[in-house]
Structure formats: C-alpha cells, structure tokens
Amino acid sequence: MADAIKVEKREAFGKGAARKLRAAGRTPAVVYGLGADPQHITFDAHEIFMEVRSNANAVINLEIAGKEQLALVKDIQVNPLSREIEHVDLLRVKANQKVEVEVPVEITGEPFGQAIATLEILQLLVQAPATDIPEQIVVNVEGLEDGTVLRVADLELPADVVAVIDGEETVVTVSVPKEEPAAEAGAEEETAAEGEAAAE
C-alpha cells in the first residue's frame, strides 16, 4: 500500500465553496461507510488526479486528522469541458475486506482465420479483496474458432476474485463476419453508376 495521502477536512459547503476550493487547487470529496458518519474532505487536485487516472477502482490510504483510513474510489465527477475532477466519492474499507466492484474486460490474442471476437460484457461485476482489486479481466481468444462462446464461468479470474453475476452470462462471442449478399452488392453498384451518369 502506498504512503498515506494527507487530506483536509472541509468546513464550507455549496457550489460557491466548491468553486473556491477548485480555484485554490483543491478537489472536494466525501468519505462514507463502515457505519461511521460521512466525512467531507479535500484533496490536492494534482495528487488525486494521479491516484485515479489509470485505475477506476483505486484504493487510497488517507490521512485524516492524523489517522489513516483505506478508502475505495466509488464515483468521480469530471467536468466534461475541462476534464477537471470536480468531486470524488470514497467508501471506507478494511485491508481484509472484500468489496464489489466493476472491472473492465479486455481481449487478448487473435481468433482462428477470419473470425473476430466481440465483447458482450465490457465491465464485469466481481467481489475482490479491497487491497488487491484487478485492474482488468483478460480474456484470451487466441485460436478460437467461429461459433465459440465464452461465458462468465469460463473466465480465469485471479485468486480470491469471484464473479457476482450469473455464470451463464455471455462475455465473448467469436464469429466470422457475414459477407454482403451478391444481389445487394450488385444493386448498390447499379445505383452508384446511375448516379454518376446523371451527374454527367
């Protein structure tokens, strides 16, 4: 676990106060969970950006008023124009606790012949240790043939990681793209030719 990030308690609230914080290089946030009252805090804007930029399920070690607390990033509000992080929601967690998170699914390898692999699930809901959440679930499609279907139950998940959704849910389908029927292709060529003749 990385060194603790020092955060400050937030005393002022509302849109005006939030704008002042962001103008001062601070990002407002709230920490909740584990049966305790929510805490309103602020981060150094650059520091929190670096923590979450490449990991949607980042677990951060916070130092709040001299005490350390692990927290899982649950939601990030980003300004659509400036891409600035405007607010962060965090869930308190314990080191040995398991949490439910959505993890991106990625494909590696190439199917057999002309077949292509299509992801049917982009994010997989899993239960994983709070301090060991996988950044992605990798599905190997190397050499798979047309008609192959990989389901949740077929996935090789990391140790202590369990899929929460139905094992029969389809994750990847492998198929050869259908060729355009010759008749339709011919009709399109005729239409194009007529359009060129009209233009002349």
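Above this note sits the structure.
Residues numbered from 1 in each chain as written. Predicted model: local features only at pLDDT ≥ 70, side-chain atom pairs only at ≥ 80, totals over all residues. Heavy atoms only, no water.

We now examine the pattern of salt bridges. Tallied over the entire structure, the rule returns two salt bridges. Two residues, E8 and R26, come together in a salt bridge whose shortest N-O distance is 4.0 Å. Of this pair, E8 sits in strand 1 (residues 5-9) while R26 sits in strand 2 (residues 26-33), and the two are 18 residues apart along the sequence. Residue R151 is joined to E168 by a salt bridge in which the shortest nitrogen-to-oxygen separation is 3.7 Å. A residue pair is termed long-range when its members are at least 10 positions apart, and R151 in strand 11 (residues 149-151) and E168 in the loop between strand 12 (162-163) and strand 13 (170-175) qualify at 17 residues. On the accessibility criterion, R151 (32% relative accessible area) is partly exposed. Looking at E168, the relative accessible area reads 54%, which means it is exposed. (Salt bridge = Lys/Arg side-chain N within 4 Å of Asp/Glu carboxyl O. Helix = DSSP H or I, 4+ residues; strand = E, 2+ residues; numbered from the N terminus. Buried < 20%, exposed > 50% of the residue type's maximum accessible area, 1.4 Å probe, protein only.)

The topology assignment puts N61 in strand 4 (residues 59-64). When its relative accessible area of 11% is taken as the criterion, N61 is described as buried. Within the structure, the side chain of N61 is placed 3.0 Å from the side chain of E68, a separation counted as a polar contact. (Polar contact = N/O pair within 3.5 Å; in protein donor to acceptor, adjacent residues only side chain to side chain.)

Since the α-helix advances by 3.6 residues per turn, residues separated by three or four positions end up pointing in the same direction. Those residues of helix 1 (residues 15-23) lying buried are A17, A18, L21 and R22. Taken around the axis of helix 1, the buried residues stretch over an arc of 135°, which confines them to a single face. Counted as exposed and oriented over 90 degrees from the buried face of helix 1: K15, R19, K20 and A23. Buried residues in helix 1 make contact with strand 2, strand 3 (36-44) and strand 6 (85-93). Residue G25 follows helix 1 closely and has a positive phi angle near 85°. (Arc of directions from axis to C-beta. Contact = heavy atoms within 4.5 Å.)

Before going further, it helps to spend a moment on the pairing of strand 3. Sheet faces and side chains relate simply in a regular strand, where the side chains alternate between the two faces. Examined bridge by bridge, strand 1 and strand 3 share two bridges and lie antiparallel to one another. When the bridges of strand 3 are listed, K9 appears paired with I41. With seven bridges joining them, strand 2 and strand 3 adopt antiparallel strand pairing. By the bridge assignment for strand 3, P28 is matched with T42. (Pairing = 2+ DSSP bridges.)

Time to look at the sheet that holds strand 7 (residues 98-108). Reading across from one edge, 10-7-9-12 is the order of the four strands in this open sheet, with mixed pairing throughout. The two strands at the open ends of the sheet, each matched to only one other strand, are strand 10 (137-140) and strand 12. When strand 7 meets strand 10, the two strands line up parallel, connected through four bridges. In the sheet register, E106 faces strand 10, and the bridge partner there is V138.

Honestly, that's just the spatial picture; any functional story needs more than this.
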